[in-house]
Amino acid sequence: QDAQKSTLMDMEIADYERLVKELNQKITDKDSRIDDLEHETGIQKQKQETLQEEIKVLQSTMQQDEERNAKIKQLLVKTKKELADSKQAENDHLMLQASLKGELEASQQQVEAYKARNFTFLLIQVAVLTSEKHKVQEQLRTSSEQHQRTMSACQQKIATLQEECRAAQAEQASVTSEFESYKVRVHNVLKQQKNKSASRTESEGAKQER
């Protein structure tokens, strides 16, 4: 009977040791799983931080593009004003030209009126007026050429600024599209992480209940 009791005790001790061993193994497996989850969580956090940095860079690029577009628009407005001023100067030039032509015609009429009374004197006056006429015509020609050069330069400048403005708008649209794409990708990544975390939590809870 004592031998039978001893055998039963040995069996119970063996069962207890096996149970303790199994529990220790489960604890070890749990600790290893926790370490894996913590490592994966750190990787996901690092990915989130990287995505946030990329978003900040894109936002900064968009702001710089908007500021550059604003400057180009201001410069375009300024150039248009310069062109308007140049056109006004052209109108003033034409008015001055008309005035000078009127004065010249009046002088020529005076020459015709005085020609009959003093031919020699009038010849001198005609020579003087002709010389003045040539000077005025030369001034008008020089002024007209200078005005044409100014108009051409202004128009070229406007065309260049308009092209730069279109290029900047296209670049801004591209950056905006890229930014929206990044937002969607970040949202999907965060959503996948959230679903994966919830799935793991449910799985761990189910294992603990078993």
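Being a predicted model, the structure only gives us computed values, none of them experimental.

## What to know about the overall build of the protein
Looking only at helices and strands, one finds 2 helices and 0 strands in the protein. The buried share of the protein, taken over its 210 residues, is 15%. Counting contacts in the protein only where the partners sit at least 6 residues apart, residues at least 24 apart contribute 90% of the total.

## Points about the UniProt feature "coiled-coil region" (unreviewed entry) in the protein
According to UniProt, the feature "coiled-coil region" (unreviewed entry) maps to residues 13–117 and 144–178 in the numbering used here. Regarding residues 144–178, the helix share stands at 100% and the strand share at 0%, and the terminal C-alpha atoms are separated by 51 Å.

## As for the nonpolar core
Grouped together as the largest cluster of nonpolar side chains are 8 residues: Leu51, Ile55, Leu58, Met62, Val175, Phe179, Tyr182 and Val186. Contributing elements (two or more residues each) for this core: helix 1 (2–115) and helix 2 (119–209). Apart from the residues within four sequence positions on either side, Ile55 is in contact with Phe179 and Val186. Leu76, Cys154, Ile158 and Leu161 belong to the second-largest nonpolar core, a separate cluster that totals 6 residues.

## Quick look at the pattern of salt bridges
Evaluation of the coordinates by the stated rule reveals 8 salt bridges. Across the salt bridge formed by Asp65 and Arg68, the nearest N and O atoms sit 3.7 Å from each other. Within this pair, Asp65 and its partner Arg68 are both found in helix 1, separated by 3 residues, close to a single helical turn. Residue classification places Asp65 among the buried residues on the basis of a relative accessible area of 6%.

## Notes on the layout of surface pockets
Taken as a whole, the second largest pocket holds about 210 Å³ of empty space. Lining the second largest pocket are Leu100, Lys101, Glu103, Leu104, Ser107, Leu129, Glu132, Lys133, Val136, Gln137 and Leu140. Those elements that place two or more of their residues in the lining of the second largest pocket are helix 1 and helix 2. Broken down by element, the lining of the second largest pocket gets its largest block of residues, 6 residues, from helix 2.

## Overview of the side chain of Ser86
Looking at the element boundaries, Ser86 is found in helix 1. Setting aside chain neighbours within four positions, we find Ser86 in contact with His147, Thr150 and Met151.

## Some thoughts on the environment of Ala89
Here Ala89 is to be found in helix 1. In this structure the C-alpha to C-alpha distance between Ala89 and His147, which are 58 residues apart in sequence, comes to 8.4 Å.

## Some remarks on a negative patch on the surface
Taken together, the side chains of Asp29, Asp31, Asp35, Asp36 and Glu38 define an acidic patch exposed on the protein surface. Inspection of the secondary structure assignment puts Asp29 in helix 1. Since its relative accessible area comes to 44%, Asp29 is described here as partly exposed.

## Regarding the side chain of Gln193
Tracing the sequence through the fold places Gln193 in helix 2. Side chain to side chain, Gln193 and Gln44 meet in a polar contact 2.3 Å long. Excluding its chain neighbours within four sequence positions, the residues that come into contact with Gln193 are Gln44 and Gln48.

Calculation rules
Residues numbered from 1 in each chain as written. Predicted model: local features only at pLDDT ≥ 70, side-chain atom pairs only at ≥ 80, totals over all residues. Heavy atoms only, no water. Helix = DSSP H or I, 4+ residues; strand = E, 2+ residues; numbered from the N terminus. Buried < 20%, exposed > 50% of the residue type's maximum accessible area, 1.4 Å probe, protein only. Contact = heavy atoms within 4.5 Å. UniProt positions renumbered as here; feature names shortened; annotations may be inferred. Core = buried A, V, L, I, M, F, W, Y, C linked by side-chain atoms within 4.5 Å. Salt bridge = Lys/Arg side-chain N within 4 Å of Asp/Glu carboxyl O. 1 Å grid on protein atoms, 1.4 Å probe; cavity = no way out; pocket = protein on both sides within 12 Å on 5 of 7 lines; lining within 4 Å. Points joined across faces, edges and corners; volume = space filled by probe spheres on them. Patch = residues over 30% accessible without salt bridge, like charges linked within 9 Å, V, L, I, M, F, W, Y side chains within 5 Å. Areas by Shrake-Rupley, 256 points an atom, 1.4 Å probe, with all protein chains shown as cover. Lys, Arg positive; Asp, Glu negative; His and termini not counted. Charge placed at Lys NZ, Arg CZ, Asp CG, Glu CD. Polar contact = N/O pair within 3.5 Å; in protein donor to acceptor, adjacent residues only side chain to side chain.

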